Each structure stands twice: as structure tokens, then as C-alpha cells.
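# A structural walkthrough
As a plain string of letters, each chain reads:
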Amino acid sequence: MACKAIIVAEHEGGAVRDITYELLGLAHKLAGEAGWNAAADIKAVFLGNGVEKLAGEIAARGAAEVIYIEGQALAEYTGDAYHRAIEEVVKAEDPAIVLFGHTPNSWDAAPLVSAGLDRPLATECSAITFDGGKALFTRKVFNGKFVQIVDLGGAQPLIATVMRGAAQPSAPGGGGSVRKIQPSFAAGDLRARFIEIKKGETGAVDLSQAEIIVAGGRGVGSAEKISVVRDLADSLGGQVGASRPVTDMGWLPHEHQVGSSGVTVSPKLYIACGISGAIQHIVGMRGAGYIIAVNKDRDAPIFGVADVGVVGDLFEILPALSKAVKEARGQG
């Protein structure tokens, strides 16, 4: 039976990835705006082999039906297998919109699905809304300096990849069903095959385990001035983080980057210094227990997620904080 929205669910390491539930939350929001019946019109497609239990977990979080495509060809990700399986479901269900998470797998699979269906694709969306019955896709361009509103036209399905943190996750309590099907192809039919996963060497910094992070942004000004951020981190016994512009400009190595293209962190304390607060950074640190933001721009988006916001010059504020911490600890 046809539906209005299909979300592409993901799993990793024996667990459903959080982006899946955020996509379901977004689909329910869109259902409210467009007048869909969320209890019947929102479905998920889930691919894998031997992970049917996870499909049931997704059905319990807001999917009216989880179409679980199981087979050896889908045991590990390949763009060739995944895009073919997803296309088959989309053609059968004829949805109005298909939502992918903006994840490494979907960077690969979503364009292939878009090309296979001959439909346009909006990537890296931070918001999707219905305005007068028309879906509008919000995304940032030019390294977050501009906001672009995309109209994909009237041809359906509309296809988009959605940033982490762009929507609230769906809550437990759904009563959806799981329908298991087999792909129409076998592993031997594929042009690509999975070989192995190689993980990069762990660097000296592991921000994912840090309880305190002091992060610097473009507002720090230069590599030489990062020392003011490092001094505060050292005095607190924390680690140094950074926004993407800082690592792109080579002020700090990539292992310090927090955000959608860096590492997602959840420290007890996060201090953002000279960071404006693009969604790509916010999605990587909004899980912190307590957030302090220091920025000269009182309208900086980072203040929207901060527990305490300080409008001022970080080169006056951070040294004073470092001194106060050291004095409180009897270090000077």
C-alpha cells in the first residue's frame, strides 16, 4: 500500500543509529504540516541480514511499517546493493518524500537513488517544511555563510539527506509492523562487493571520552592565538576542541574537530569560544551536560543552545577564567 513518506533507517554495531529516529521525528512533523495520517503514511526501509529484531525497534518508534529487506547481498553496505533495494521499495510504495540521514552511507546511496529514479536531490538539509502544500528544503552553503531554500519542484518523490540534529527524535510507543522481503538480486549480481572495514589510527586526542572540552572557533583569529583556548582547557583538566573552520585552516589537527564532519561529543562541560554556532557544529556538541558560549556577536546562533552566554571579547574573558580556576585550585 502506498505511503506519503519513507525514511531510510540505518544500523551499526548491532544497534539502530540515532539518525533513524530523528528522521522519523521529522516525518511526523511533516505529516502534521501536510495533513497526512502518520499512523499509516510513514514507513521505513531497513536493510541488512539477521537484524530483524532491530526492525521491530524501529516499528516501535513511529514507523507505521518497517519494510525489512533481508539478504546476504545486504549483510554489509555497498552502494550498488543498497541503492537497488531502496529504489525497488520506493517504486512500489510511491511516496511523496524519501528521507536519508546525511551520513557516510547516504552520501553514497542517496545520489544513486536520485539518479535511478530521475528525481532531484537536496543534500545536507537542516530543516524541511511545508508551505502552502509545497515542501521547502533549508540548507547552508558557502561554509555556512548563506542559507539556501530549495524547491525541488512538483515531481515526486522528493528526496533529501538530513543533518543530524535537524529534528527531535521520535518517542517510543508506536505500534508499527515489520514486513520482511527479499531483494530481487543476489550478491553475485552486484558490481561492487564488500571487502573489509579499516579504522584510522586513534590520535592523541579522543574528544568522545572527554568530560570537559574548551573549543575554539574562527573568532580566535589565528593558530597562534589558540593558546588562550588551550590554557583554559589545561586549567580545567579538559581537552581542546574546534569548529570546522579552525581545522580547515590548519590551526588545529582534524582530530580536534567537533561537529557533523568531525566527532560527536557529550562532555559534562562544553565551552565554545568564538564559535558562531552553525548547525554542523551544534549537532556535534548539543548533548553536552552544560554549555557556556563566549562570543562578541550577541546574535550568534550558539547562544540558542547555551546554558550560559557571555557576550564579550574572549581574549579578556578566557585568561580571567583560567586565572580564577588556577587560583581556586591553588595553582597560582
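A brief look at the structure comes next. Within every chain, residues take consecutive numbers counted from 1 along the sequence as written. With pLDDT at 70 or above as the cut-off, local features in this predicted model cover only qualifying residues; side-chain atom pairs require 80 or more to be listed or tallied, and sums for whole chains, interfaces and linings still use all residues. Here the side-chain values reflect all heavy atoms present in the structure, with hydrogen atoms and water set aside.

## With respect to the pairing of strand E7 (residues 121-131)
Heads up, the rule is: In this description, strands pair whenever DSSP reports at least two bridges between them. A run of H or I in DSSP counts as a helix once it spans at least four residues, and a run of E counts as a strand once it spans at least two, with each numbered from the N terminus.
Here three bridges tie E7 to strand E10 (residues 158-162), and the two strands are oriented parallel to one another. Residue cysteine 125 lies in a different strand from E10, and its bridge partner there is valine 162. By the bridge criterion, six bridges tie E7 to strand E8 (residues 134-141) in an arrangement that is antiparallel. By the bridge assignment, aspartate 131 is partnered in E8 with lysine 134.

## Looking at the pairing of strand E15 (residues 290-295)
Two faces, one strand: in a regular strand the side chains alternate between the faces of the sheet. Note: strand E14 (residues 269-273) against E15, five bridges, orientation parallel. From the neighbouring strand, alanine 272 faces E15, where its bridge partner is alanine 293. Pairing of E15 with strand E16 (residues 308-311), which is carried by four bridges, proceeds in the parallel orientation. In the sheet register, isoleucine 292 faces E16, and the bridge partner there is valine 308.

## Quick word on helix H5 (residues 104-117)
Heads up, the condition is: Multiplying 1.5 Å by the residue count of a helix minus one yields the expected span of that helix. With a 1.4 Å probe rolled over the protein chains alone, any residue whose accessible area is under 20% of its type maximum counts as buried; one over 50% counts as exposed, and the rest are partly exposed. Here, the arc refers to the directions that run from the helix axis to the C-beta atoms. When checking whether two residues touch, look at their non-hydrogen atoms; a contact exists if any pair is within 4.5 Å.
A rise of 1.5 Å per residue sets the reference length of H5, with its 14 residues, at 20 Å; its end C-alpha atoms lie 21 Å apart and thus fit the reference within 8%. Along H5, the residues classified as buried are Ser106, Ala109, Ala110, Val113, Ser114 and Leu117. Along H5, the residues classed as buried sweep out an arc of 140° about the axis, all on the same side. In this structure, H5 carries Pro104 and Ala115 as exposed residues pointing more than 90 degrees from its buried face. Against the buried residues of H5 lie helix H4 (79-93), strand E6 (97-101), E7 and E10. The positive-phi residue at the C-terminal boundary of H5 is aspartate 118, with phi of around 60°.

## Considerations on the sheet that holds E15
As a reminder of what qualifies: Axis lines are fitted through C-alpha atoms, for helices just across the contact stretch, and the angle between N-to-C directions can take any value from 0 to 180 degrees.
The strand order across the open sheet formed by five strands is E13-E12-E14-E15-E16, and the pairing between neighbours is parallel. Among the strands making up the open sheet, the edge pair consists of strand E13 (239-242) and E16. If you compare each strand with its neighbour and ignore which way they point, the axes differ by 20° on average. In the sheet, strand E12 (residues 212-216) pairs with E14 via five bridges, with the strands oriented parallel. Bridge pairing links glycine 216 to cysteine 273 in E14.

## Let's talk about the packing of H4 against H5
The geometry of a pair of packed helices is captured by two quantities: the angle between their axes and the separation between those axes. Cut-off, in case you're wondering: Any angle that is under 35 degrees is reported as roughly parallel, and any over 145 degrees as roughly antiparallel; angles of 65 to 115 degrees are reported as roughly perpendicular and all others as oblique. Handedness of each helix crossing follows the sense of rotation of the near helix against the far helix: counterclockwise by less than a right angle gives left-handed, clockwise gives right-handed. Note that Gly is not counted as nonpolar here; it falls among the polar residues with everything else outside the nonpolar set of Ala, Val, Leu, Ile, Met, Phe, Trp, Tyr, Cys and Pro and the charged set of Asp, Glu, Lys and Arg.
For the pair H4 and H5, interaxial distance at closest approach is 9 Å and the crossing angle is 50°. Our classification of the angle between H4 and H5 gives oblique. The element H4 and its partner H5 pack so that their crossing is right-handed. For the pair formed by H4 and H5, the contact residues are Gly79, His83, Ile86, Glu87, Val90 and Lys91 on the first element and Asp108, Ala109, Leu112, Val113, Gly116 and Leu117 on the second. Taken together, the residues of the contact of H4 with H5 break down into six nonpolar, three polar and three charged.

## Digging into the environment of alanine 34
Residue position: alanine 34 is located in helix H1 (residues 18-34). Judged by its relative accessible area of 32%, alanine 34 falls in the partly exposed class. Distance in space between the C-alpha atoms of alanine 34 and alanine 324 is 53 Å, their sequence separation being 290 residues.

## Quick word on the pattern of salt bridges
Basically, it comes down to this: When a carboxyl oxygen of Asp or Glu is within 4 Å of a side-chain nitrogen of Lys or Arg, the pair counts as a salt bridge.
A complete count under the given rule lists 13 salt bridges for this structure. Between lysine 29 and glutamate 33 there is a salt bridge; the shortest N-O distance is 2.7 Å. Placement of both lysine 29 and glutamate 33 in helix H1 is noted, with a separation of four residues, approximately one turn of the helix. We classify lysine 29 as partly exposed; its relative accessible area is 36%. Under the relative-accessibility criterion, glutamate 33 is labelled partly exposed at 38%. Lysine 43 serves as the salt-bridge partner of glutamate 93, at 2.9 Å between the closest nitrogen and oxygen.

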